[in-house]
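# Geometric and topological summary
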Amino acid sequence: MNLPTSEQAGVLVVSVNGRIDHAVSEEFTRALEPLLARCTQGQPALLLDFSGVVYISSAGLRVLMMASRQAKAQQGSFAIAALTPLVQEVFTISRFNLIVPCYTSVDAACKVLGR
């Protein structure tokens, strides 16, 4: 899984696209590993730009939950931005938006998380 990255306002922005379901959850986990390894105190916040994600299953939510736990254990900042309407609905129904900070846009997240 290709996860293009960029830096904006001192935040590492990772573009995620497509479906995040059981078929790609292991690949998604592997792609996030090196990014999460750098998500520590004093390092740039890690922000997942979900504007290109059209679907997420419980397997995808599990990957995000584990990523959030790892970032917290390392005292890093981890968040998600720009949820599409369907993904926003899944986050709201599952109350996942209470587990991981979610922002309406990448710009809004960078204003809060940036240095």
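Look up a bit, the structure's there.
Residues numbered from 1 in each chain as written. Predicted model: local features only at pLDDT ≥ 70, side-chain atom pairs only at ≥ 80, totals over all residues. Heavy atoms only, no water.

### Some words on the sheet that holds strand β5 (residues 102–103)
The five strands lie next to each other as β1-β2-β3-β4-β5, forming an open sheet whose pairing is mixed. Edge positions in the open sheet fall to β1 (5–8) and β5, since each of these has one partner strand only. Relative to strand β4 (residues 78–81), strand β3 (residues 45–56) runs parallel, the two sharing four bridges. When the bridges of β4 are listed, D49 appears paired with A81. Lying over the sheet, helix α1 (residues 22–37) contacts β1, β2 (11–20), β3 and β4, oriented at roughly 175° with respect to β2. (Pairing = 2+ DSSP bridges. Helix = DSSP H or I, 4+ residues; strand = E, 2+ residues; numbered from the N terminus. Contact = heavy atoms within 4.5 Å. Axes fitted to C-alpha atoms, helices over the stretch in contact; angles between N-to-C directions.)

### Regarding the pairing of β3
As judged from the nine bridges shared by β2 and β3, these two strands associate in the parallel manner. Each bridged residue has a counterpart across the sheet, and for R19 the counterpart in β3 is Y55. Note on the crossover from β2 through α1 to β3: the handedness is right-handed. Considered for its hand, the β-α-β crossover made up of β3, helix α2 (residues 58–73) and β4 is right-handed. (Right-handed = clockwise from strand over helix to strand, strands pointing away.)

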